[in-house]
Protein chains: 2
Amino acid sequence: MNNLANERCEVCTAESEPVASVEQLRLLETLPDWRVASRGEVPVLIASFDFTDYEQTLAFVNRIGALAEEADHHPRIVVEWGSVEVSWWTHAINGLHKNDFIMAARTSEILRP
Amino acid sequence: MNNLANERCEVCTAESEPVASVEQLRLLETLPDWRVASRGEVPVLIASFDFTDYEQTLAFVNRIGALAEEADHHPRIVVEWGSVEVSWWTHAINGLHKNDFIMAARTSEILRP
């Protein structure tokens, strides 16, 4: 298991610190499914996952939903037949907080055998 | 209930007829939640639905998923906290088939009291 997945999410405010670029790169090394992309002006952590049927596709969405509720941190999820694209970022800072990397790690853990 | 929701979806091939523009406008009159938009070069039927909690948000996604499986026609769904954006179009014709209007009507019916 990625240790990051076991770290605790903090409550975020507009004053919370975003993750610095060097630290982002270090964290991304442990998150092979994920990359940083821009949505408008906002950096997001994004990954795509493929499935061979729709039942598995929706089951994955529901597992992510359960993680999101547990952490009270909710991603953007794009669902099509056989694919789920997940984006994590922190609205309060319009950027990437450590929480987003933790949630990305937890998302990937769902599919780890 | 919108009668369109009770119509039967046909099996589509690349030779299936797209809905003509005049007919699109007539069908849209019965679908107040929906509009036609472009995704790249492809016209899609799109609507956004708002919710006041995440449980309802995900429940709606799952209900759409059940409709999609039943009809073997699957939309693009964008899920965020409290909002679901649904797009229907027909991959086989890269455009809008009558099926998409039927599925849009069924999607709206999920939330009808």
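Residues numbered from 1 in each chain as written. Chains lettered and ligands numbered in written order. Predicted model: local features only at pLDDT ≥ 70, side-chain atom pairs only at ≥ 80, totals over all residues. Heavy atoms only, no water.

Engineer: Help me understand the overall build of chain A, please; the structure alone is not making it clear to me.
Structural biologist: Within chain A, the secondary structure is distributed over three helices and four strands. Against the globule reference of 13 Å for 113 residues, chain A gives a C-alpha radius of gyration of 13 Å, in line with a compact fold. Across its three principal directions, the C-alpha atoms of chain A cover 40 × 30 × 25 Å. By residue count, 50% of the 113 residues in chain A fall in the buried class. A separation of at least 24 residues holds for 66% of the contacts in chain A among residues at least 6 apart in sequence. (Helix = DSSP H or I, 4+ residues; strand = E, 2+ residues; numbered from the N terminus. Rg over C-alpha atoms; globule rule 2.2 N^0.38 Å. Buried < 20%, exposed > 50% of the residue type's maximum accessible area, 1.4 Å probe, protein only. Contact = heavy atoms within 4.5 Å.)

Engineer: Is there a simple way to explain the side chain of histidine 97 of chain B in this structure?
Structural biologist: All names here are of chain B. The residue histidine 97 is located in the loop between β4 (83-88) and α3 (98-110) in this model. Reaching out from histidine 97, the side chain makes a polar contact with the backbone nitrogen of asparagine 99 at a distance of 2.9 Å. The residues contacting histidine 97, other than those within four sequence positions of it, are Glu10, Cys12, Ser16, Glu17, Val19 and Thr90. (Polar contact = N/O pair within 3.5 Å; in protein donor to acceptor, adjacent residues only side chain to side chain.)

Engineer: In this structure, what is going on with α3 of chain B? I would like to understand it.
Structural biologist: Spacing of three or four residues puts side chains on the same side of an α-helix, whose turn is 3.6 residues. All names here are of chain B. Spanning 13 residues, α3 covers 19 Å between terminal C-alpha atoms, matching the ideal 18 Å at 1.5 Å per step. The element α3 is largely enclosed, with a buried count of 12 among its 13 residues. For α3, the set of buried residues is Asn99, Asp100, Phe101, Ile102, Met103, Ala104, Ala105, Arg106, Thr107, Ser108, Glu109 and Ile110. (Expected span 1.5 Å × (residues − 1).)

Engineer: I keep staring at the nonpolar core and nothing clicks. Help me out?
Structural biologist: Inside soluble globular proteins, nonpolar side chains tend to come together where they are buried. Among the nonpolar cores identified, the biggest contains 70 residues, and Trp34, Trp88 and Phe101 of chain A together with Trp34, Trp88 and Phe101 of chain B are the most heavily contacted of them. In contact with phenylalanine 101 of chain B, other than residues within four places in its own chain, are Leu4, Val19, Gln24, Leu27, Leu28, Leu31, Leu45 and Leu96 of chain B. (Core = buried A, V, L, I, M, F, W, Y, C linked by side-chain atoms within 4.5 Å.)

Engineer: Looking at this model, I keep getting lost on the interface of chain A and chain B. Mind explaining?
Structural biologist: How large an interface is tends to be reported as the accessible area lost when its parts come together. Taken residue by residue, the interface counts 18 residues in chain A and 18 residues in chain B. At the boundary of chain A with chain B, total buried surface from both sides reaches about 1500 Å², with 56% on carbon and sulfur atoms. At the boundary of chain A and chain B, one finds two salt bridges. The residue arginine 76 of chain B makes a salt bridge to glutamate 80 of chain A at a minimum N-O spacing of 3.7 Å. Here chain A is connected to chain B by three residue pairs in polar contact (both at pLDDT 80 or more). Of all the secondary structure elements, the ones that give two or more residues to the side of chain A that touches chain B are α2 (54-71) and β3 (76-80) of chain A. No other element matches the eight residues that α2 of chain A contributes to the side of chain A that touches chain B. Residue composition of the side of chain A that touches chain B, by class: 10 nonpolar, four polar and four charged. Two strands pair when backbone bridges link them, and β3 of chain A and strand β3 (residues 76-80) of chain B are joined in this way by three bridges, in the antiparallel orientation. If you follow valine 79 of chain A over to β3 of chain B, its bridge partner there is isoleucine 77 of chain B. (Buried area = accessible area lost by both parts, 1.4 Å probe. Salt bridge = Lys/Arg side-chain N within 4 Å of Asp/Glu carboxyl O. Nonpolar A, V, L, I, M, F, W, Y, C, P; charged D, E, K, R; others polar. Pairing = 2+ DSSP bridges.)

Engineer: Whenever I open this one, the relation of the copies chain A and chain B confuses me. Can you help?
Structural biologist: Two copies of one chain are present, and they are related through a rotation about an axis combined with an axial shift. The operation relating chain A to chain B is a screw motion whose rotation component is 180°, with 0.0 Å of axial translation and a residual RMSD of 0.0 Å. The operation mapping one copy onto its partner corresponds to a two-fold rotation axis. Minimal C-alpha separation from the rotation axis in chain A is found for valine 78 of chain A, amounting to 2.2 Å. Comparing interface residues between copies, 100% of those in chain A also sit at the interface in chain B, which points to an isologous, same-surface contact. (Least-squares fit on C-alpha atoms with pLDDT ≥ 70 in both.)

Engineer: Please explain empty space enclosed by the protein as it appears in this structure.
Structural biologist: The gaps of empty space that remain are located by a probe, the size of a water molecule, rolled over the atoms. All names here are of chain A. Summed over the entire model, instances satisfying the criterion amount to one cavity of 30 Å³ or more. What the largest cavity holds in volume is close to 40 Å³. Every residue along the wall of the largest cavity is listed here: Asn2, Thr30, Leu31, Pro32, Asp33, Trp34, Ala105, Ser108 and Arg112. Its residues placed into classes, the lining of the largest cavity shows four nonpolar, three polar and two charged. (1 Å grid on protein atoms, 1.4 Å probe; cavity = no way out; pocket = protein on both sides within 12 Å on 5 of 7 lines; lining within 4 Å. Points joined across faces, edges and corners; volume = space filled by probe spheres on them.)

Engineer: Help me out: how do you make sense of the pairing of strand β4 (residues 83-88) of chain A in this one?
Structural biologist: Across a regular strand the side chains alternate sides, sitting on one face of the sheet and then on the other. Residue and element names in this part refer to chain A. Strand direction decides the pairing type here: strand β2 (residues 42-50) and β4, joined by six bridges, are antiparallel. Paired with aspartate 50 across the two strands is serine 83, which belongs to β4. Two strands pair when backbone bridges link them, and β3 and β4 are joined in this way by five bridges, in the antiparallel orientation. Within β4, the residue paired with isoleucine 77 across the bridge is valine 86. Here β3 folds back onto β4 in antiparallel fashion, the turn holding two residues, of which glycine 82 has a positive phi close to 75°.

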